[in-house]
Amino acid sequence: MKAIVDKDICIGCGLCESECPDVFELDEDSIAIVMVDVVPQEFEACAIEAQEVCPVDAITVE
Amino acid sequence: MKKLIKNNVNWVGKVDWELQKFHGDEFTTNQGSTYNSYLIQEEKNVLIDTVWMPYAKEFVENLAKEIDLNQIDFIVANHGEIDHSGSLPELMAHIPDVPIYCTANAVKSLKGQYHQDWNFQVVKTGDKLDIGNGKELIFIEMPMLHWPDSMATYLTKDNILFSNDAFGQHYATEKLFNNRVDQCDLYKEAMKYYANILTPFSGILRKKLEEVISLGLPIDVIATSHGIIWNDNPMQIVEKYSKWANDYQENQITIIYDTMWNGTKKMAEKIAEGIGLADTDVEVKVFNLTKSDQNDLITEVFKSKLVLIGSPTIGGSILHSIAGFVHLMKELKFKNKKAASFGCYGWSGESVKVLNELLDRAGFEVMNEGIRNLWNPDEERQQEAIDFGKSIAII
């Protein structure tokens, strides 16, 4: 699984980071970044949760 | 004039009796509102939030009667929206160097609105601020409840949670506390506030409520930023929020329509009649959209298990009033609700099909193809509407 954040859409609320801190974090500009090339299997569920919780649908997991 | 909340904590806000619209014209506030600001006077003096910008001058003048402004050590801005931060420019003109404690997103919000580089002190969940006399403020980020920058602040020893917009209501009163006001009025406004503002964030709210409860902080008072302060069994509103955040519904079916020559109105009434005949327990309510308060109707949708939307066909589609309301229903991301549609027509009758598509896109489970009627319904067609109501009541 890969996770992608659309930086133009992200509002930096940080919900993805609190939902799935091993995959997402906020950079110094308070924009979410994906820290892994491939989402490890044990974090796939929480990456999907992060996608669902994102209030502006900025996250894609595929 | 200040009003005592508890020990050295006073309310220094503004009661806005005449407010009838909020968020521009998006939210009706039929019972006015309050903007709650709080002054904590321990070894350090702390101001929590301010009031809406039109009342800034009055707010600062009143505050200066309670405390020498230069004695204010810290300001906490739980949320950057203008109804809470709108007096900061007026206040900071007097005390420009006082630190403002807020989230990183609130810095963006405040800078973006007021274009001032005040002494911002960014805080995160769990950060503490010593205010003397053995008391601390603990900050709790509340992202998307209901803005990215939202935050709550907890005062130890006094056990007060300054919750900002969470648990609030647009409800003007001088009585200050929840146990002094009419409970029906209070809960009507609290539910309206939740339904119209917090519904889209219910999933986030469920987790945040669990997180706040898991912190194990004793809560004696929930000091909101609008309406009354919960001091009598404050956890009652937390429990209500837990229920409301879990795809809330009552045993209610709501029918909302607009009509041109009363044909769609007649259908609405007959469908309601059928529902009432098939199920004597269910609460069925019928509203002409244009004669109703749209935010109150959203509360009715919030309470419903099934919503029927009616529009005649015009221009090969639906009335713009109904289109606007269905858009509002979509924005609020209701979950676990069913829907159906109906409408009269004189030419080609597309309204029901259009409504079904819109309701589906709004996240409602569309129950059937709906019912439409050419011209005004005669006796036979009225009976069909009654039968439609009966059939949909037992789905």
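Residues numbered from 1 in each chain as written. Chains lettered and ligands numbered in written order. Predicted model: local features only at pLDDT ≥ 70, side-chain atom pairs only at ≥ 80, totals over all residues.

1. Some words on the sheet that holds strand β12 (residues 128–132) of chain B
All names here are of chain B. Strand order in this open sheet of 5 strands is β12-β13-β14-β15-β16, and the pairing throughout is mixed. Each edge of the open sheet is held by one strand with a lone partner, namely β12 and β16 (221–224). Pairs of neighbouring strands in the sheet enclose a mean axial angle of 20 degrees, with direction left out of account. Summarising the sheet, β12 and strand β13 (residues 135–141) pair through 4 bridges and their orientation is antiparallel. Residue pairing across strands places Gly132 opposite Lys135, the latter belonging to β13. (Pairing = 2+ DSSP bridges. Helix = DSSP H or I, 4+ residues; strand = E, 2+ residues; numbered from the N terminus. Axes fitted to C-alpha atoms, helices over the stretch in contact; angles between N-to-C directions.)

2. Re unusual backbone geometry
Phi is mostly negative for residues that are not glycine, and the peptide bonds are mostly trans. All names here are of chain B. Omega for the peptide link from Leu145 to His146 comes to 10 degrees, which places this bond in the cis form. Relative to the elements of secondary structure, His146 occurs in the loop between β13 and β14 (151–155). Of note, the phi angle at Asn7 is positive, near 50 degrees, even though the residue is not glycine. Locating Asn7 in the fold gives a position in the loop between β1 (3–6) and β2 (9–11). On the basis of neighbour count, Asn7 is assigned to the partly exposed category, with 15 C-beta atoms found within 10 Å. Phi angles above zero are rare outside glycine, and Asn133 is one such case at about 55 degrees. Looking at where Asn133 falls in the secondary structure, it is placed in the loop between β12 and β13. (Buried ≥ 20, exposed ≤ 12 C-beta atoms within 10 Å, placed from the backbone.)

3. Thoughts on the interface of chain B and chain A
Counting from both sides, the interface comprises 7 residues of chain B and, opposite them, 8 residues of chain A. Listed by contribution, the elements that provide at least two residues to the side of chain B that touches chain A are α4 (104–114) and α6 (202–214) of chain B. Residue composition of the side of chain B that touches chain A, by class: 5 nonpolar, 2 polar and no charged. (Contact = placed C-beta atoms within 7 Å. Nonpolar A, V, L, I, M, F, W, Y, C, P; charged D, E, K, R; others polar.)

4. Here we look at helix α11 (residues 351–361) of chain B
All names here are of chain B. Listing the buried residues of α11 in full gives Ser351, Val352, Leu355, Asn356, Leu358 and Leu359. On its buried face, α11 is in contact with β19 (306–310), α10 (320–331), β20 (338–345), β21 (365–366) and β22 (371–374). Positive phi appears at Gly363, one or two residues downstream of α11, with a value of about 90 degrees.

5. Notes on the packing of helix α8 (residues 263–278) of chain B against helix α12 (residues 379–393) of chain B
Residue and element names in this part refer to chain B. For the pair α8 and α12, interaxial distance at closest approach is 7 Å and the crossing angle is 45 degrees. Here α12 runs oblique to α8, going by the angle between their axes. Between α8 and α12 lies a crossing whose hand is right-handed. In contact with Lys266, Met267, Lys270, Ile271, Ala272, Glu273, Gly274, Ile275, Leu277 and Ala278 of α8, α12 contributes Gln382, Ala385, Ile386, Asp387, Phe388, Gly389, Lys390, Ile392 and Ala393. A class-by-class count of the residues in the contact of α8 with α12 yields 11 nonpolar, 3 polar and 5 charged. (Parallel < 35°, antiparallel > 145°, perpendicular 65-115°, else oblique. Left-handed = near helix turned anticlockwise from the far one by under 90°.)

6. Some thoughts on the pairing of β20 of chain B
All names here are of chain B. Among the 8 residues in β20, 7 count as buried, and that is most of the element. Across 5 bridges, the pairing between β19 and β20 is parallel. Directly across from Val307, in β20, lies its bridge partner Ala339. Between the parallel pair β19 and β20, the chain is carried across by α10, and the sense of this crossover is right-handed. Both β20 and β21 contribute to a ladder of 2 bridges, which runs parallel. By the bridge assignment, Ala339 is partnered in β21 with Val366. Across 4 bridges, β20 lies against β22 in parallel orientation. The partner of Phe342 across the bridge, within β22, is Ile371. (Right-handed = clockwise from strand over helix to strand, strands pointing away.)

By themselves, these figures tell us nothing about what the structure is for.
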